[in-house]
Amino acid sequence: MEKIIDESKQGETLILEAKETNTRKLFIESYGCAMNFSDSEIVASILTNEGFNTTQKLEEADLVLVNTCSIRDKAEQTIRKRLEKYNAVKKINPKMKVGVLGCMAERLKSKFLDEEKIVDLVVGPDAYKDLPNLLSEVEAGRDAINVILSKDETYGDISPVRLNTNGVTAFVSITRGCDNMCTFCVVPFTRGRERSRDPQSIMEEINDLWSKGYKEITLLGQNVDSYLWYGGGLKKDFEKASDMQKATAINFSKLLEQCAQAQPKMRIRFSTSNPQDMTLDVVETMAKYKNICNHIHLPIQSGSNRILKEMNRQHTREEYMDLITNIKCILPNCAISQDMIAGFPTETEADHQDTLSLMEFVQYDFGFMYAYSERPGTMAGRNMKDDVPEATKKRRLQEIIDVQRANGHKKTLANLGQIHEVLIEKESKKSDLDWSGRTSQNTVVVFPKEYYKVGEFVNVKIIDCTTATLIGEAVGYSE
């Protein structure tokens, strides 16, 4: 499983269009990966039909939900602090009910409900359709729980209620669960086995988004390259499929092509890719269609073959480097980003140096870098001693960050004088006179507003940059 992180949205509250007939108030916060934010939109859609409108004011909520993440200890600690806040408000507003959704729900169900008694309901990632029944249990004065993992739930029949933000970009979930048993990761245990969503429902959602004015979508999955539709069912059961099912199966490259063809003027992104599953036909499809963005998030976690084996990553350093070489050959302008873990159990200084040398080879555009934190329930947590001292982890992490910052700055400097197509997403954080958008390579560009508007594609000439942001001036609309 790969982390699909959007750090800018941590703790974001969903605010949705109100339905006039609804009388109850829902406050919902999301933490962790983009999949959690996508799931929260599904939950909000389900609860809209149960009489709830969303609110930004915690104090007026009838129902408070937090969509949780177990990927790192820091995320869990943040969520625990939020639960303390919710319960402090609940003492003032006793009618308020508090629920935990997502990955922590599955992992800490008994602790939350029985031992600590800090929530009223616990709902796992595959049980959101059961929310109406669970709320009835809570309203009857009983605790409610459903963390059963499904073999076929994809929520393909639920039309997500979108964040009431810029109406420009949206997530579209295409797979759920993960079959990659990386030893550091809890997701296969909290989100279940991998299954893919019906491509027809994906196309319907994309077409609906375009009709509502959205200009860019991100296809989401714990491992998008594993997408495989053969009529439904778990990916691991594909070998039992009929000859007809196998002959008509749709893999990720075919799905990506269908998406690109369905809306030629809509930008298509995807996340997250797994090195062992990414095939070159995906990269060739990217090269074939202008509206598929030139960016691949390709986590490796470590540059050491020994550590990759300990992590149960199903590829070697050399195989990863070959993949990178082929990507750059097929798509010379493709940006590549990474996830990296510093201080995995038994990591030596030589292993760490392998990571740094791999980073120099790849020259990543940007990345997400963390010190290892032991996660209960993972294979590493059960079987490996967390034996790298914290001071060593921090020092190695800083060295990884320093290499990434230097390489990322070189990449941004290389854009000076170039003209990039930018999709305007929002106002710049630093100035209300500037727009902020992204290039096809996922690099942020800031430029003066002039007469341009959010949602427009604009050609921008790059005249300056910071370490990670491009600064430019618009030279006209793109074609």
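To be clear, the structure that these remarks concern was listed above.
Note that the structure is predicted; figures quoted are calculated from it, not measured.

Participant: So what exactly am I meant to see when it comes to the overall build of the protein here?
Facilitator: Across its full length, the protein holds 15 helices and 22 strands. The C-alpha radius of gyration computed for the protein amounts to 22 Å, which stays within 12% of the reference 23 Å derived for 479 residues, consistent with globular compactness. Its C-alpha atoms give the protein principal-axis dimensions of roughly 65 × 55 × 55 Å. Per-residue burial for the protein yields a buried fraction of 57% across its 479 residues. About 20,100 Å² of surface is accessible on the protein, with carbon and sulfur atoms providing 50% of the total. Positive and negative side-chain charges in the protein, numbering 63 and 71 respectively, have mean positions lying 2 Å apart.

Participant: Looking at this structure, I do not really get the sheet that holds strand β19 (residues 434-438). What am I missing?
Facilitator: Strands in a sheet are paired, the pairing made by backbone hydrogen bonds, and the direction either parallel or antiparallel. Sheet architecture is closed into a barrel: 5 strands sit in the order β18-β19-β20-β22-β21, paired in mixed fashion. Between one strand axis and the next, the sheet turns by 55° as a mean value, whatever way the strands run. Where strand β18 (residues 419-427) lies against β19, 4 bridges are found, and the strand directions are antiparallel. Bridge pairing links E427 to W435 in β19.

Participant: Whenever I open this one, helix α15 (residues 390-413) confuses me. Can you help?
Facilitator: Think of an α-helix as turning once every 3.6 residues; residues three or four places apart then point the same way. Over its 24 residues, α15 extends 34 Å from the first C-alpha to the last, a length consistent with the 34 Å expected when each residue adds 1.5 Å. Of all the residues in α15, the buried ones are T392, K393, R396, L397, I400, V403, Q404, N407, G408 and T412. Lining the buried residues of α15 we find β16 (335-342), α13 (349-362), β17 (366-371), β21 (457-465) and β22 (469-477).

Participant: I would appreciate a short explanation of the packing of aromatic side chains in the present structure.
Facilitator: Two aromatic rings are characterised by how far apart their centres lie and by the angle between their planes. The full count for this structure, using the stated rule, is 8 aromatic pairs. Both rings, one in F27 and one in Y86, keep their centres 6.4 Å apart while their planes meet at 75°; by these two values the pair is edge-to-face. Of this pair, F27 sits in strand β2 (residues 24-30) while Y86 sits in helix α2 (residues 73-92), and the two are 59 residues apart along the sequence. Residue class for F27 comes out buried when judged on its relative accessible area of 3%. Aromatic side chains Y128 and Y155 sit 5.8 Å apart centroid to centroid with 25° between the ring planes, which places their arrangement in the stacked category.

Participant: Would you explain the pattern of salt bridges in this entry?
Facilitator: It is possible for side chains of opposite charge to pair when their charged atoms get near one another. For the coordinates displayed, the defined rule picks out 34 salt bridges. The structure contains a network of salt bridges with shared partners spanning E216, R267, R269, K290, E421, E425 and R438.

Participant: What's the story with the packing of helix α10 (residues 280-288) against helix α12 (residues 317-330) in this structure? I'm lost.
Facilitator: The relative placement of two packed helices is expressed as an angle between their axes plus a distance between the axes. At a minimum axis distance of 10 Å, the contact between α10 and α12 shows a crossing angle of 20°. Put simply, α10 runs roughly parallel to α12. α12 is crossed by α10, and the crossing has right-handed handedness. Residues L280, V283, E284 and A287 of α10 form the contact with α12, whose participating residues are L323, N326, I327 and I330. Among the residues forming the contact of α10 with α12, the class breakdown is 6 nonpolar, 1 polar and 1 charged.

Participant: When you look at the nonpolar core in this model, what are you seeing that I'm missing?
Facilitator: The tendency in soluble globular proteins is for nonpolar side chains to be buried as a group. Counting residues in each nonpolar core, the largest one holds 51 residues, and the members touching the most others are L219, F252 and F270. Among all residues touching F252, those that are not within four sequence positions of it are I174, L219, V224, D225, Y227, F270 and V282.

Participant: Sorry if this is basic, but what is going on with the pairing of strand β5 (residues 97-102) here?
Facilitator: For a regular strand, the rule is simple: side chains alternate between the two faces of the sheet. Summarising burial for β5: 5 of the 6 residues are buried, a large majority. Sheet topology places strand β4 (residues 63-68) next to β5; 6 bridges connect them, and they run parallel. Among the inter-strand pairings, L65 is bridged to a residue of β5, identified as G99. With 3 bridges connecting them, β5 and strand β6 (residues 121-123) associate as parallel partners. Looking at the pairing, V100 lines up with V122 of β6.

Participant: Looking at this structure, I do not really get the environment of S440. What am I missing?
Facilitator: Mapped onto the elements of the fold, S440 is located in the loop between β19 and β20 (444-448). The buried category is assigned to S440, whose relative accessible area is 18%. Remark: the alpha-carbon pair of S440 and R267, spanning 173 residues in sequence, is separated by 8.3 Å. Apart from the residues within four sequence positions on either side, S440 is in contact with R267, R269, I292, C293, N294, H295 and E421.

Participant: For this particular structure, what's the right way to read the packing of α13 against α15?
Facilitator: Viewed as axis vectors pointing N to C, α13 and α15 meet at an angle of 10°, and their least axial separation amounts to 10 Å. The angle between the axes of α13 and α15 places the two elements in the roughly parallel class. Where α13 approaches α15, its residues E349, H352, T355, L356, M359 and E360 are matched on the opposing element by R395, R396, E399, I400, V403, Q404 and N407. The residue makeup of the contact of α13 with α15, split by class, is 4 nonpolar, 4 polar and 5 charged.

Participant: Mind showing me how you'd approach helix α5 (residues 131-139) here?
Facilitator: For α5, the complete set of buried residues consists of L131, L134, L135 and V138. Projected down its long axis, α5 carries its buried residues within an arc of 100°, all on one side. Those residues of α5 that are buried are in contact with α1 (34-48), β3 (52-54), β4, β5, β6 and β7 (144-146). Residue G141 follows α5 closely and has a positive phi angle near 90°.

Participant: When you look at the sheet that holds strand β15 (residues 295-297) in this model, what are you seeing that I'm missing?
Facilitator: A sheet is described by the order of its strands in space; here 3 strands give the open sequence β15-β16-β17, paired in parallel fashion. Whereas interior strands pair on both sides, the edge strands pair on one side only; in this sheet they are β15 and β17. The average undirected angle you get between the axes of adjacent strands in this sheet is 10°. Relative to β16, β15 runs parallel, the two being bridged by 3 bridges. Residue pairing across strands places H295 opposite A335, the latter belonging to β16. Lying on the sheet, α15 is in contact with β16 and β17; it crosses β17 at an angle near 175°.

Participant: What am I meant to see in unusual backbone geometry here?
Facilitator: The general pattern is negative phi for most residues beyond glycine and trans for most peptide bonds. In this structure, T272 follows S271 across a cis peptide bond, with omega equal to 10°. One can find T272 in the loop between β14 (267-271) and α10. Positive phi outside glycine occurs at Y155, with the angle close to 60°. Structurally, the position occupied by Y155 is in the loop between β7 and β8 (169-173). Overall, the relative accessible area of 2% leaves Y155 in the buried class. Not every positive phi belongs to a glycine, and N312 is a case in point at roughly 60°. Note that N312 resides in the loop between α11 (305-310) and α12.

Calculation rules
Residues numbered from 1 in each chain as written. Predicted model: local features only at pLDDT ≥ 70, side-chain atom pairs only at ≥ 80, totals over all residues. Heavy atoms only, no water. Helix = DSSP H or I, 4+ residues; strand = E, 2+ residues; numbered from the N terminus. Rg over C-alpha atoms; globule rule 2.2 N^0.38 Å. Buried < 20%, exposed > 50% of the residue type's maximum accessible area, 1.4 Å probe, protein only. Areas by Shrake-Rupley, 256 points an atom, 1.4 Å probe, with all protein chains shown as cover. Lys, Arg positive; Asp, Glu negative; His and termini not counted. Charge placed at Lys NZ, Arg CZ, Asp CG, Glu CD. Pairing = 2+ DSSP bridges. Axes fitted to C-alpha atoms, helices over the stretch in contact; angles between N-to-C directions. Expected span 1.5 Å × (residues − 1). Contact = heavy atoms within 4.5 Å. Phe/Tyr/Trp six-rings, centres within 6.5 Å; stacked < 30°, edge-to-face > 60°. Salt bridge = Lys/Arg side-chain N within 4 Å of Asp/Glu carboxyl O. Parallel < 35°, antiparallel > 145°, perpendicular 65-115°, else oblique. Left-handed = near helix turned anticlockwise from the far one by under 90°. Nonpolar A, V, L, I, M, F, W, Y, C, P; charged D, E, K, R; others polar. Core = buried A, V, L, I, M, F, W, Y, C linked by side-chain atoms within 4.5 Å. Arc of directions from axis to C-beta.

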